[in-house]
Amino acid sequence: MRFVVVSGAIANKLDQGGEAWVRLSYLLGLRRLGFRVHFLEQIAGAACLNAEGAPCAIEDSAQRAYFQGVMNRFGLASDSTLIPTDDQGTALVSENLAELANSADALLNISGHVAIEPLLRSFRRKVFLDIDPGFTQFWH
């Protein structure tokens, strides 16, 4: 079975259902076509807020709860990873993530959201999908 990793922003777009649907459309569509899928998202610790809007650890954040809720609802909880990073986008790439990247046939990187260089280098094929060219180009 072919294996595609999709990356994008769900936790980083807290409570923006339309944004979640864009990513879910790729995940669920590829899965329906017979692909095995996995969703990756990186999030900076500084972006994490609790339900009251105060800064908190990622484990206690509204972003993580939203991410897990979306993944659970669509049967993707075991096929998704939220990767915490520091403010410079640095993350420790675990052996599990490197293995995941090495085993994937391709990474579909929506808006270039996953930008962890050691992880990106592990994917054999990378597809950059620019869904909002003006915004994405200014962001990068």
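For the structure, check the block above.
Residues numbered from 1 in each chain as written. Predicted model: local features only at pLDDT ≥ 70, side-chain atom pairs only at ≥ 80, totals over all residues. Heavy atoms only, no water.

1. Here's the deal with the packing of aromatic side chains
Aromatic ring pairs are described here by two measures, namely the spacing of the ring centres and the angle between the planes. Which entries qualify depends on this criterion: Aromatic contacts are taken between Phe, Tyr and Trp rings whose centres are within 6.5 Å, Trp giving its six-membered ring; a plane angle under 30 degrees counts as stacked, one over 60 as edge-to-face, and the others as tilted. Here a strand is any run of E in DSSP of at least two residues, a helix any run of H or I of at least four, and the numbering for each starts at the N terminus. When accessible area is computed with a 1.4 Å probe and restricted to protein chains, residues below 20% of their type maximum are described as buried, those above 50% as exposed, and intermediate ones as partly exposed. A positively charged side chain is recorded as over a ring if its NZ (Lys) or CZ (Arg) lies within 6 Å of the ring centre. The angle to the ring normal must also be within 35 degrees.
Overall, the coordinates contain two aromatic pairs when judged by the stated rule. Relative to Phe74, the ring of Trp21 has its centre 5.2 Å away and its plane inclined at 70°; by these criteria the two rings are edge-to-face. On the criterion of sequence distance, the pair formed by Trp21 in helix α1 (residues 17-32) and Phe74 in the loop between α2 (62-73) and β3 (80-85) is long-range, its members being 53 residues apart. Classification of Phe74 by relative accessible area gives partly exposed; the value is 21%. The interplanar angle of 35° and the centroid separation of 6.1 Å between the aromatic rings of Phe39 and Phe67 together place this pair among those described as tilted. Of the two residues, Phe39 is situated in strand β2 (residues 36-44) and Phe67 in helix α2; the sequence distance between them amounts to 28 residues. As far as burial versus exposure is concerned, Phe39 and Phe67 are alike and both buried. Sitting over the ring of Phe3, Arg36 keeps its end group 3.7 Å from the ring centre.

2. With respect to the sheet that holds strand β5 (residues 126-129)
Stated precisely, the cut-off is as follows: Paired strands, as defined in this entry, are two strands with at least two bridges between them according to DSSP. Comment: axis = line fitted to C-alpha atoms, over the contacting stretch for helices; angle = value between 0 and 180 degrees taken between N-to-C directions. We call two residues in contact when some of their heavy atoms are within 4.5 Å.
Reading across the sheet, the five strands line up as β3-β2-β1-β4-β5 and stay open at both edges, with parallel pairing between neighbours. The sheet terminates laterally at β3 and β5, the two strands that pair on one side only. Averaged over all pairs of adjacent strands, the angle between strand axes in this sheet comes to 20°, irrespective of strand direction. When strand β1 (residues 3-7) meets strand β4 (residues 106-110), the two strands line up parallel, connected through four bridges. Bridge pairing links Ser7 to Asn109 in β4. Together, β1, β2, β4 and β5 form the strand contacts of α1, whose direction differs from that of β2 by roughly 160°. Lying on the sheet, helix α3 (residues 95-103) is in contact with β1, β2 and β3; it crosses β2 at an angle near 135°.

3. Things to note about the nonpolar core
Proteins that are soluble and globular tend to have nonpolar side chains buried together. Applied cut-off: Nonpolar cores are built from buried Ala, Val, Leu, Ile, Met, Phe, Trp, Tyr and Cys residues. Side-chain atoms within 4.5 Å join them into one set.
Counting residues in each nonpolar core, the largest one holds 21 residues, and the members touching the most others are Val6, Ile10, Leu27, Phe39, Phe67 and Met71. Counting residues per element, the ones that place at least two in this core are β1, α1, β2, α2 and β4. With sequence-adjacent residues up to four places away left out, Met71 is seen in contact with Ile10, Phe39, Leu76, Ala77 and Ser80. Of all hydrophobic cores here, the second largest spans 15 residues; its members include Leu40, Ile83, Leu107 and Val114.

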